[in-house]
Amino acid sequence: MISRQILKMTVSKSKYFSHRMTTRSMGKRSSEQGSEVKQEENYESFQEDIRRVESVPKRRKLPRIEVKIDPDDLVIPKEDHRAIKKTKKKTTRKTKRKKARKPRKSAANQDDNDIPSQPPANFWPMYNLIKKMRAKVKAPVDKIGCDHISTAVSGLKEGPVWRFQVLISLMLSAQTKDEVNYQAMKKLQDYFISHGYKNGLSMEAILDTDQAKLDELIYKVGFHHRKANFIKRTAEMLKEKYDGEIPKDVKKIMEFPGVGPKMGYLFLQIAWGICSGIGVDTHMARMAGWYHWVPKWQKGKPEPEYVRKCFEKMLADHKEEWSVINPTLVGFGQTICLPTAPRCDICTISRTGLCPAVDKALLRRVEMNRKSGVKSPQKKSRGDISGLLPNE
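Computed from a predicted structure; not experimentally measured.

Conventions we followed
- Residues numbered from 1 in each chain as written.
- Predicted model: local features only at pLDDT ≥ 70, side-chain atom pairs only at ≥ 80, totals over all residues.
- Heavy atoms only, no water.
- Helix = DSSP H or I, 4+ residues; strand = E, 2+ residues; numbered from the N terminus.
- Axes fitted to C-alpha atoms, helices over the stretch in contact; angles between N-to-C directions.
- Parallel < 35°, antiparallel > 145°, perpendicular 65-115°, else oblique.
- Left-handed = near helix turned anticlockwise from the far one by under 90°.
- Contact = heavy atoms within 4.5 Å.
- Nonpolar A, V, L, I, M, F, W, Y, C, P; charged D, E, K, R; others polar.
- Buried < 20%, exposed > 50% of the residue type's maximum accessible area, 1.4 Å probe, protein only.
- 1 Å grid on protein atoms, 1.4 Å probe; cavity = no way out; pocket = protein on both sides within 12 Å on 5 of 7 lines; lining within 4 Å.
- Points joined across faces, edges and corners; volume = space filled by probe spheres on them.

**Here's the deal with unusual backbone geometry**
Residues other than glycine seldom take positive phi values, yet F223 does so here, at roughly 55 degrees. On the secondary structure map, F223 appears in the loop between α11 (211-217) and α12 (224-241). Even without being a glycine, H292 presents a positive backbone phi close to 65 degrees. The residue H292 is located in the loop between α15 (282-290) and α16 (304-314) in this model.

**Considering the packing of α15 against α16**
With their axes 9 Å apart at the nearest point, α15 and α16 run at an angle of 70 degrees to one another. Classified by the interaxial angle, the pair formed by α15 and α16 is roughly perpendicular. As α15 packs across α16, the resulting crossing turns out to be left-handed. The segment α15 lies against α16, with M284, A285 and A288 engaging P304, V307 and F311. Classifying every residue of the contact of α15 with α16 gives six nonpolar, no polar and no charged.

**What to know about α16**
Buried residues of α16: Y306, V307, R308, C310, F311, E312 and M314, and no others. Residues of α16 that are buried sit in contact with α5 (123-135), α14 (261-272), α15 and α17 (325-335).

**Observations regarding empty space enclosed by the protein**
Gaps left between atoms are located by rolling a probe of water-molecule size over the structure's atoms. Summed over the entire model, instances satisfying the criterion amount to one cavity of 30 Å³ or more. Here the largest cavity defines a volume of roughly 110 Å³. Taken together, 15 residues line the largest cavity, and the ones lying closest to its centre are Y291, C337, C344, C347 and C355. For the lining of the largest cavity, the per-class residue count stands at 13 nonpolar, one polar and one charged.

Structure follows, in structure tokens:
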């Protein structure tokens with residue numbers, strides 16, 4: 001066999017071999033049939049090319065050399081090991097040591113000494129002004145909050161069924177607006193009334209309803225899959241442990257799945273008239289951080305449980321405010337001090353210098369519009385804030 005390299009060397013010098021593959025038409029092929037190939041004088045014949053290829057000597061194979069190593073030669077003495085360690089240089093790159101992160105503050109690992117016993121200097125002036133503004137504002141919590149929603153839906157004001165409805169409305173209210181919570185409660189009440197339950201939403205109705213159907217009825221609220229499971233398990237616990245009546249102990253109430261301190265304390269205030277703690281929701285925790293009413297948090301807003309402990313200790317001598325502070329601040333956060341784009345332009349605290357979170361750019365823009373005679377655009381509100389709007 002002729003090697004490919006030798007053939008390539010010969011092809012470059014021959015007229016019979018070409019690197020480029022060409023095709024001929026049928027007409028050209030027919031015209032060339034019968035014609036003899038004329039050998040030119042400047043080119044070698046085909047036979048001479050073949051002989052040249054065969055005369056090139058083949059590459060000689062190199063002999064293999066075997067090396068035998070004695071296993072004893074591979075063993076390194078201990079003394080040599082120490083010498084190697086001394087002479088070996090460290091090639092690792094030096095890196096700065098990262099400082100250990102401090103654990104984030106939480107209500108669980110917070111000491112009682114870190115919780116202030118007295119409110120800050122701006123607490124009472126701001127809180128009293130907020131109460132005056134709330135008297136002029138109608139917020140969703142005033143009409144369809146958890147203390148009003150069960151009566152608005154079923155017409156009941158007392159009894160085991162009414163208390164069960166209050167607990168269900170509190171369980172549905174987590175991460176859900178009051179307007180959506182009202183729609184879900186109304187849908188539950190209408191569904192059970194249409195299926196023959198005299199009082200509508202009740203423990204018996206929940207026990208007789210499939211969890212998938214219950215999930216379908218409350219799908220508008222946040223985390224409806226988990227809440228449907230929590231409500232179903234709560235009804236079962238009520239029947240087995242407490243014979244259908246919700247206890248008056250906040251620790252026992254918090255044993256129900258999905259029920260935390262906020263729901264437990266609010267339920268005792270609404271259903272049993274017992275004020276043993278303050279219910280703190282996300283609006284209250286957010287505003288407490290904005291107003292610097294609680295010690296500065298590491299990142300973001302403080303946890304509601306930590307704010308609850310602070311408020312209860314700061315207001316230990318004013319327990320009459322424990323049941324009032326929740327609807328007061330929640331309604332204020334729903335209508336005036338919004339999470340995004342707060343209405344500092346109509347808030348009476350914004351020009352007193354008491355609020356550290358005031359939007360000064362908004363106040364300057366509103367003042368410029370007033371001087372130039374430009375009417376500021378009206379923003380949508382979840383409640384009726386006409387009592388705070390300037391007379392035009």
